[in-house]
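Chain and residue survey
Each chain is listed here by its residues.
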Amino acid sequence: MASVTVACQGYEQLYVGVEIQDSEAAVLSSSSGATSQLLSASGTVKCGADGTWPAGATGKFSCEGIWGAWTTIGSVVLGGPFLNLTCGMCATVPQNRTCLSHAYGCPCSGASTQNNWISNILCEFPNHACCGDNVKGKDTTLKKYVASGIHGARGQHVPDSAGCARYNRERGLARRSPMDVHAVRNGLFNSLSPEENFGRFYNALAIEAICPSKIRVGGLGDGGKWVCNPWKLPKPCVVYSLGLNDVVVFEEELQKIATNSCKIYGYDMKNQKPWTVSLYNAINGELRQGLITSSGNHSFSNSIVIGEEVEERGNHHIDIFKIDIEGSEASVMPEFLNSTRPCQILIETHQNPQATFQLLSTISAADYWLYSYEINPGGFKFCEYSFIHEGCLAEFGAVKLAKYLVL
């Protein structure tokens, strides 16, 4: 005599623990309505999905385990580079499930735990469209693109052959590994020459931080600058403005935002007109005429080394440092940053692509993050850049992304 345990999965019940003898009819539960079958102790056969035994089957019936539903067992874990995204299958929640048939001698196959994604809605720029190895797919029911598993469709999601890589490229974010992107960008910046145009330079240029409350202070014309969240300026605050040319709309509007709580020090190589002097005095400003130079260049009688000016005034903390001095910034800024680190630097450059990158890289390496750039209508070599120091990110509500300007 041979004994065999029968464990079959039906639509409504599991048939288990049925003892039979070789070549005898096995007995099922009385409510099954299924036909008994002759079995022998050798071989393995699976029962039908409805719990019945196939006609002419011989041998031992094997079972397929029955899983219970997935149950959430923890909190949502946000995803993305800064762990702040729920879109693009970035965020997950831990889940588990129980094998309902295990107690009846029928184990389940597969994992009992998983991290299930929260949302398959594609992420918006400047984030990548989806996280990890997920791809962009087509939801044929909703008739729109969504994030989908890379190894196959999920539900109605049909993977796109180009996936999120193409979608990210369409929005200016090529889906490469961080090291790959860094290497390509470094190679391009390293190959810049003084003679070439700015096409390749601006193609590789990218912001290094995001300031959600960025605003252009001073209007849309010449003189306006992009500032990160000027409403967060401390009171009192300190502002240095190098290069005026009788255009002081930036300082005027900034003081309106700061309710005239900033002390502004303005410099220009030329004497300003009387109305400019009068306005500067009205907005708590102080003007000085002179040529801004580095410490090793005193060829002019009215030369001003800005680092020495700051030290003499005892301004150990500067909130905003604006500089537009028609090309001298390339020699002035590296020396200035050796002694002073303002919270925000607003700078206009006037150099060729190679020299421009070298200057921007020097600023970035001093723990500054580029959050804005704007090409001047006067030509590609004139561009406005806005940086924020790492120590001021939280104060002004900015978020850093990645260092692109430091090789």
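The rules behind the values
By convention here, each chain's residues receive numbers from 1 onward along its written sequence. Local features in a predicted model are, by the rule used here, given only for residues with pLDDT of at least 70; side-chain atom pairs are given and counted only at 80 or more, and totals for whole chains, interfaces and linings are based on all residues. Just so you know, side-chain values use all the structure's heavy atoms and leave hydrogens and water out. Here an angle of 0 to 180 degrees is reported between the N-to-C directions of two axes, which are lines fitted to C-alpha atoms, with helices fitted over the stretch in contact. Numbered from the N terminus, helices here are DSSP runs of H or I no shorter than four residues, and strands are runs of E no shorter than two. An angle below 35 degrees is treated as roughly parallel, one above 145 as roughly antiparallel, one from 65 to 115 as roughly perpendicular, and anything else as oblique. Here is the rule for handedness: rotate from the far helix to the near one, and if that takes an anticlockwise turn smaller than a right angle the crossing is left-handed, while a clockwise turn gives right-handed. Residues count as neighbours in contact if any of their non-hydrogen atoms are within 4.5 Å of one another. In plain terms, two cysteine sulfur atoms within 2.5 Å form what is called a disulfide here. A simple rule labels every residue: compare its accessible area, found with a 1.4 Å probe on the protein chains alone, to the largest value its type can have, and call it buried under 20%, exposed over 50%, or partly exposed in between. Pairing between two strands is assigned when DSSP locates at least 2 bridges connecting them. Residue types Ala, Val, Leu, Ile, Met, Phe, Trp, Tyr and Cys, when buried and joined through side-chain atoms within 4.5 Å, form a set referred to as a nonpolar core. By salt bridge we mean one thing: a side-chain nitrogen of Lys or Arg within 4 Å of a carboxyl oxygen of Asp or Glu. For patch detection, residues must exceed 30% relative accessible area and be free of salt bridges, and they are connected within 9 Å for like charges or within 5 Å for nonpolar side chains (Val, Leu, Ile, Met, Phe, Trp, Tyr). Values of accessible area rely on a 1.4 Å probe in the Shrake-Rupley scheme; residue burial ignores everything except the protein chains shown. A pair of Phe, Tyr and Trp rings is counted when the ring centres sit within 6.5 Å of each other, with Trp represented by its six-membered ring. The angle between the planes then sorts it: under 30 degrees is stacked, over 60 is edge-to-face, the rest tilted. When charges are counted, Lys and Arg contribute as positive and Asp and Glu as negative, whereas His and the chain ends are disregarded. Pairing of N or O atoms within 3.5 Å defines a polar contact, subject to two protein rules: one partner must be a possible hydrogen donor and the other a possible acceptor, and residues neighboring in sequence count only if both atoms are side-chain atoms.

The name an unreviewed UniProt entry assigns to the protein chain is Methyltransferase domain-containing protein, from the organism Mesorhabditis spiculigera.

What to know about the packing of helix α7 (residues 329-337) against helix α8 (residues 353-365)
Two elements in contact, α7 and α8, have axes whose closest approach is 10 Å; the angle formed by their N-to-C orientations is 15°. With respect to their mutual orientation, α7 and α8 come out roughly parallel. Viewed along their axes, α7 and α8 form a crossing whose handedness is left-handed. Across the interface between the two elements, Glu-329, Ala-330, Met-333, Pro-334 and Leu-337 from α7 touch Leu-359, Thr-362 and Ile-363 from α8.

Points about the state of the cysteines
What the rule picks out here adds up to six disulfides. Across the disulfide, Cys-87 is cross-linked to Cys-123 (sulfur-sulfur distance 2.1 Å). Handedness of the Cys-87-Cys-123 disulfide follows from its S-S torsion of about 110°: it is right-handed. Residue Cys-87 is found in the loop between β5 (71-72) and β6 (92-96), and its partner Cys-123 is found in the loop between β7 (113-117) and β8 (135-139); the two are separated by 36 residues along the sequence. Residue classification places Cys-123 among the buried positions, given a relative accessible area of 1%. In this model, Cys-237 is linked to Cys-262 through a disulfide, with the two sulfur atoms separated by 1.7 Å.

Topic: the sheet that holds strand β19 (residues 320-323)
Strand pairs in the sheet, formed through backbone hydrogen bonds, run parallel or antiparallel to each other. Sheet architecture is open: seven strands sit in the order β16-β15-β14-β19-β20-β22-β21, paired in mixed fashion. If you trace the sheet from one side to the other, it starts and ends with β16 (285-289) and β21 (368-375), each paired once. For this sheet, the mean angle separating the axes of adjacent strands, direction not counted, is 15°. The sheet contact formed by strand β14 (residues 237-242) and strand β15 (residues 262-268) spans six bridges and is parallel. Counterpart to Leu-242 in the pairing with β15 is Tyr-267.

A few points about the nonpolar core
Grouped together as the largest cluster of nonpolar side chains are 38 residues, with contacts concentrated most on Phe-201, Tyr-240, Tyr-385 and Phe-387. Judged by nonpolar contacts, the second largest core, of 28 residues, contains Val-248, Leu-346, Tyr-371 and Ala-398.

Comments concerning the pattern of salt bridges
As enumerated under the stated definition, the model contains seven salt bridges in all. Between Glu-374 and Arg-216 there is a salt bridge, with the nearest N and O atoms lying 2.7 Å from each other. Within this pair, whereas Glu-374 is found in strand β21, its partner Arg-216 is found in strand β12 (residues 214-217), the two being separated by 158 residues in sequence. Residue classification places Glu-374 among the partly exposed residues on the basis of a relative accessible area of 24%.

Focus on a nonpolar patch on the surface
Among the surface-exposed residues, Val-76, Leu-78, Leu-83 and Ile-118 lie close enough to one another that they form a single nonpolar patch of about 340 Å² accessible area. The residue Ile-118 is located in the loop between β7 and β8 in this model. Accessibility expressed as a relative area gives 38% for Ile-118, which makes it partly exposed.

A word on the packing of aromatic side chains
Under the definition given, this model contains ten aromatic pairs. Centre to centre, the rings of Phe-189 and Phe-201 are 6.0 Å apart; their planes meet at 55°, and the pair counts as tilted. One end of the pair, Phe-189, is in helix α2 (residues 178-190); the other, Phe-201, is in helix α3 (residues 199-204), and twelve residues separate them in sequence. With respect to class, Phe-189 is no different from Phe-201; both count as buried. When the ring of Tyr-240 is compared with that of Tyr-267, the centres are 6.2 Å apart and the planes differ by 10°; the resulting orientation is stacked.

Some points on the sheet that holds β5
Ordered in space as β5-β6-β7, the three strands form an open sheet in which the pairing is antiparallel. Here the strands that pair on one side only, and so sit at the sheet edges, are β5 and β7. Note that β6 and β7 share five bridges and pair antiparallel. Bridge pairing in β7 places Pro-94 opposite Asn-115.

Quick notes on unusual backbone geometry
For the peptide bond that leads from Lys-235 to Pro-236, omega is 0°, which places it in the cis range. Along the chain, the position of Pro-236 falls in the loop between β13 (225-228) and β14. Within the chain, Thr-259 stands out as a residue other than glycine whose phi angle is a positive 50°. Mapped onto the fold, Thr-259 is located in the loop between α4 (249-257) and β15. You can call Thr-259 exposed: its relative accessible area is 54%. You will see that Asp-367, though not glycine, has its phi angle at about 70°, which is positive. Of note, Asp-367 is situated in the loop between α8 and β21. On the basis of relative accessibility, which here comes to 37%, the residue Asp-367 falls in the partly exposed class.

Details of the side chain of Asp-319
By secondary structure assignment, the location of Asp-319 is in the loop between α6 (306-313) and β19. Buried Asp-319, no salt bridge; nearest opposite-charge side chain is Lys-235, N-O distance 12 Å. A distance of 2.9 Å separates the side chain of Asp-319 from the side chain of His-317, its partner in a polar contact. In this structure Asp-319 touches Leu-233, Pro-234, Cys-237, Val-238, Cys-343 and Gln-344, once residues within four positions along its chain are discounted.

A word on the environment of Ser-241
Within the secondary structure, Ser-241 is located in strand β14. Once you skip the residues sitting within four places of it in the chain, Ser-241 turns out to touch Glu-251, Tyr-265, Gly-266, Tyr-267, Tyr-280 and Lys-322.

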